Amino acid sequence: MFAYPLLVADIGGTNARFAVVMEPGGPLRPLAQLHTGSYASLVAAAEAALGRAGDLFPRSAILCAAGPCDGRRIKLTNASWIIDGPEIADALSLDQGLLLNDFEAQALALPALPEHGLRDLTAGLAAHGPTRVVLGPGTGLGVAGLTEAAGRFIPLPSEGGHVDFAPMDAAEAAIWAALERVEGRHTAESILSGPGLVRLHRARLAVAGGEGSTDEAPQIVERALAGQDGECRETVALFLQLVARFAGDMALTFGAAGGVYLAGGILPRLAPLIDSKAFVAAFADKPPVAAFVQAIPVRLVTTPDAVLYGLAAIGRAPERYAMEWDRRLWRP
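Positions within a chain are numbered from 1, following the residues in the order the chain's sequence is written. For this predicted model, a pLDDT threshold of at least 70 governs which residues receive local features, and a threshold of 80 or more governs which side-chain atom pairs are given and counted, while totals over whole chains, interfaces and linings are taken from all residues. Values reported for side chains reflect all heavy atoms of the structure, with hydrogen atoms and water molecules removed beforehand.

As annotated in an unreviewed UniProt entry, the protein carries the name Glucokinase and is attributed to Chelatococcus caeni.

Structure below.
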């Protein structure tokens, strides 16, 4: 189905990462990580990445991008690119291609993840069902599920990051009152993302009566990790608690007895600050169904290129994945 060399790419609102696999089962060969905003289109970015590799002409491509997927087309949620599969196939002279939502791809990557690229937050818990969920904050907040039936993996894409997100107590209600709304709403993504971390930090400072902050998410993370700024540390602690709560909600939504996986661009960086016991307590605080959530394993994905490995696995054995191939492949 997918001829080689196979180009794989993970396209986000901030960064676009490209790699190539030269033959079935071959190693993943990184090409480039480019800034999405520096290029007018995916084709321009792909040509730049391929140009760095010399005389390399892929015959197929499997790409994922941060936006809702409509068959062969994605409009990036947090950037201006419109990605159209057949147009890319024509521009790059490809024999075949496939386009996935980024967290749909993250979900499909779960069976291909190496154990050394995972950190267990729930010691001693094992999967006890076929359905898993993966979520993670980055430029946005991605959520997707994966289940298995008759030996085939079935992705369950979603836009779960755009659900409403409410405070749980009086202290949070005060912060919510100071939080900047996005298009009139407080959603999970408007709080649990890179821009959301900035909103949360500024709202916390406003409620505390402290000085305002002009820090962006990377600076908040760096200062929290370095222990240089107690306010940044407090904001990150609240951010992680809220991520845990949302992860528990998504575990319930998908019935994810197979496990919850934490990915995205922010959480792996915050790994040293994740208190497993506190995280799992917030994750499982779901009365009257706490017992169901308490039995679900939670794992942090620490492999930077996890989704690219997953895309390569699809190219290697597409028959393992139940998808609407006729509607989604770029070539008939």
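Having seen the structure, we can now continue with the description.
Peer 1: Break down the overall build of the protein for me, citing the residues and quoting the values.
Peer 2: Numbering goes from the N terminus for both helices and strands, where a helix is a DSSP run of H or I of at least four residues and a strand is a run of E of at least two. What the protein contains, in helices and strands, is 12 helices and 14 strands. Computed over the C-alpha atoms, the radius of gyration of the protein is 20 Å, within 12% of the 20 Å expected from 2.2 N^0.38 for a compact globule of 332 residues. For the protein, the spread of C-alpha atoms along the three principal axes comes to 60 × 45 × 35 Å. When the 332 residues of the protein are sorted by exposure, 54% land in the buried category. Any two residues having at least one pair of non-hydrogen atoms within 4.5 Å are treated as being in contact. Within the protein, residue pairs in contact and separated by at least 24 positions form 70% of the contacts whose partners lie at least 6 positions apart. In this description, accessible areas are obtained by the Shrake-Rupley approach with a 1.4 Å probe, and a residue is regarded as covered only by the protein chains that are shown. Of the roughly 14100 Å² that the protein leaves accessible, carbon and sulfur atoms contribute 52%. Treating the 27 positive side-chain charges of the protein as one cloud and the 35 negative ones as another, the clouds have centres 2 Å apart. Computation of the radius of gyration draws on C-alpha atoms alone. For the globule rule, the value is 2.2 Å times the number of residues to the power 0.38. Summary of the burial criterion: residues with accessible area below 20% of their type's maximum are buried, those above 50% are exposed, and those between are partly exposed, where the area comes from a 1.4 Å probe applied to protein chains only. Neither His nor the chain ends is counted toward charge; the positive residues are Lys and Arg and the negative residues Asp and Glu. Just so you know, the charge point we use is NZ for Lys, CZ for Arg, CG for Asp and CD for Glu.

Peer 1: Mind laying out helix 8 (residues 230-254), listing which residues take part and the relevant values?
Peer 2: Structural remark: α-helix, 3.6 residues per turn; residues separated by three or four positions point the same way. Helices are assigned an expected span. That span is 1.5 Å times one less than the residue count. Look at helix 8: 36 Å from first C-alpha to last across 25 residues, which is about the 36 Å you get at 1.5 Å a residue. Between a side-chain oxygen at the N-terminus of helix 8 and the backbone nitrogen of Glu231 the separation is 2.9 Å; the capping residue is Asp229. Of the residues trailing helix 8, Gly255 is marked for its positive phi of about 60°. In the analysis that follows, any N or O atom pair within 3.5 Å is treated as a polar contact, provided that within protein one partner can donate a hydrogen and the other can accept it, and provided that, for residues neighboring in sequence, both atoms belong to side chains.

Peer 1: Could you give an account of the packing of helix 7 (residues 217-226) against helix 8, naming the residues involved and the relevant values?
Peer 2: To get an axis, a line is fitted to the C-alpha atoms, and for a helix only the part in contact is used. The angle between two axes follows their N-to-C directions and goes from 0 to 180 degrees. Packing of helix 7 against helix 8 leaves a shortest axis separation of 8 Å and a crossing angle of 105°. Considering the angle they form, helix 7 stands roughly perpendicular to helix 8. Here Ile220, Arg223, Ala224 and Leu225 of helix 7 come into contact with helix 8, specifically with Cys232, Arg233 and Val236. Classification used: nonpolar for Ala, Val, Leu, Ile, Met, Phe, Trp, Tyr, Cys and Pro, charged for Asp, Glu, Lys and Arg, polar for all others including Gly. Across the contact of helix 7 with helix 8, the residue classes break down as five nonpolar, no polar and two charged. Between 65 and 115 degrees an angle is taken as roughly perpendicular, under 35 as roughly parallel, over 145 as roughly antiparallel, and anywhere else as oblique.

Peer 1: I'd like to hear about the nonpolar core, residue by residue, with values.
Peer 2: Working definition of a nonpolar core: buried Ala, Val, Leu, Ile, Met, Phe, Trp, Tyr and Cys residues. They are joined through side-chain atoms within 4.5 Å. Of all hydrophobic cores here, the largest spans 49 residues; its most connected members are Leu192, Phe246, Val260, Leu262 and Phe283. Looking at this core, the element that brings in the most residues is helix 8, giving 13 residues. In this structure, Leu108, Val134, Leu308 and Trp325 belong to the second largest nonpolar core, which totals 36 residues.

Peer 1: So what's going on with the packing of helix 4 (residues 170-178) against helix 6 (residues 194-208)? Which residues, and what values?
Peer 2: With their axes 8 Å apart at the nearest point, helix 4 and helix 6 run at an angle of 110° to one another. Relative to helix 6, the element helix 4 lies roughly perpendicular. Of the two elements, helix 4 crosses helix 6, and the hand of that crossing is right-handed. Across from Ala174, Ile175 and Ala178 in helix 4, the residues of helix 6 making contact are Leu200, Ala203, Arg204, Ala206 and Val207. Classifying every residue of the contact of helix 4 with helix 6 gives seven nonpolar, no polar and one charged. In this scheme, a crossing is called left-handed if the near helix is turned counterclockwise away from the far one by less than a right angle; it is called right-handed if the turn is clockwise.

Peer 1: Can you break down the side chain of Glu104 residue by residue, with the values?
Peer 2: Within the fold, Glu104 resides in helix 3 (residues 102-109). Side-chain polar atoms of Glu104 contact the side chain of Arg328, separated by 2.7 Å. Sequence-distant contacts of Glu104, defined by excluding residues within four places in its chain, comprise Ala144, Pro155, Pro157, Met323 and Arg328.

Peer 1: Describe a nonpolar patch on the surface, listing the residues and the values that go with them.
Peer 2: To count toward a patch, a residue needs a relative accessible area above 30% and no salt bridge. Like charges then connect within 9 Å, nonpolar side chains (Val, Leu, Ile, Met, Phe, Trp, Tyr) within 5 Å. Note on definitions: salt bridges are taken to be side-chain nitrogens of Lys or Arg within 4 Å of carboxyl oxygens of Asp or Glu. Taken together, the side chains of Leu252, Val289 and Phe292 define a hydrophobic patch exposed on the protein surface, amounting to about 210 Å² of accessible area. The topology assignment puts Leu252 in helix 8.

Peer 1: Any details on the packing of aromatic side chains? Residues and values, ideally.
Peer 2: Two rings from Phe, Tyr or Trp (for Trp, the six-membered ring) form a pair when their centres sit within 6.5 Å of each other. Planes less than 30 degrees apart are called stacked, planes more than 60 degrees apart edge-to-face, and all others tilted. Applying the stated criterion across every chain yields a total of four aromatic pairs. Judged by centre distance (5.8 Å) and plane angle (45°), the rings of Phe153 and Tyr321 are tilted. Here Tyr321 lies in the loop between helix 11 (306-316) and helix 12 (325-328) and Phe153 lies in strand 12 (residues 152-157), a separation of 168 residues in the sequence. Ring geometry for Phe165 against Trp176: centres 6.1 Å apart, planes inclined by 40°, an arrangement best described as tilted. Of this pair, Phe165 sits in the loop between strand 12 and helix 4 while Trp176 sits in helix 4, and the two are 11 residues apart along the sequence.

Peer 1: Give me the sheet that holds strand 7 (residues 82-84): which residues, what numbers.
Peer 2: Strands are treated as partners if at least two bridges between them are detected by DSSP. On the basis of which strands lie adjacent, the open sheet formed by three strands has the order 5-6-7 and antiparallel pairing. Looking at the sheet topology across the chains shown, the edges are occupied by strand 5 (69-70) and strand 7.

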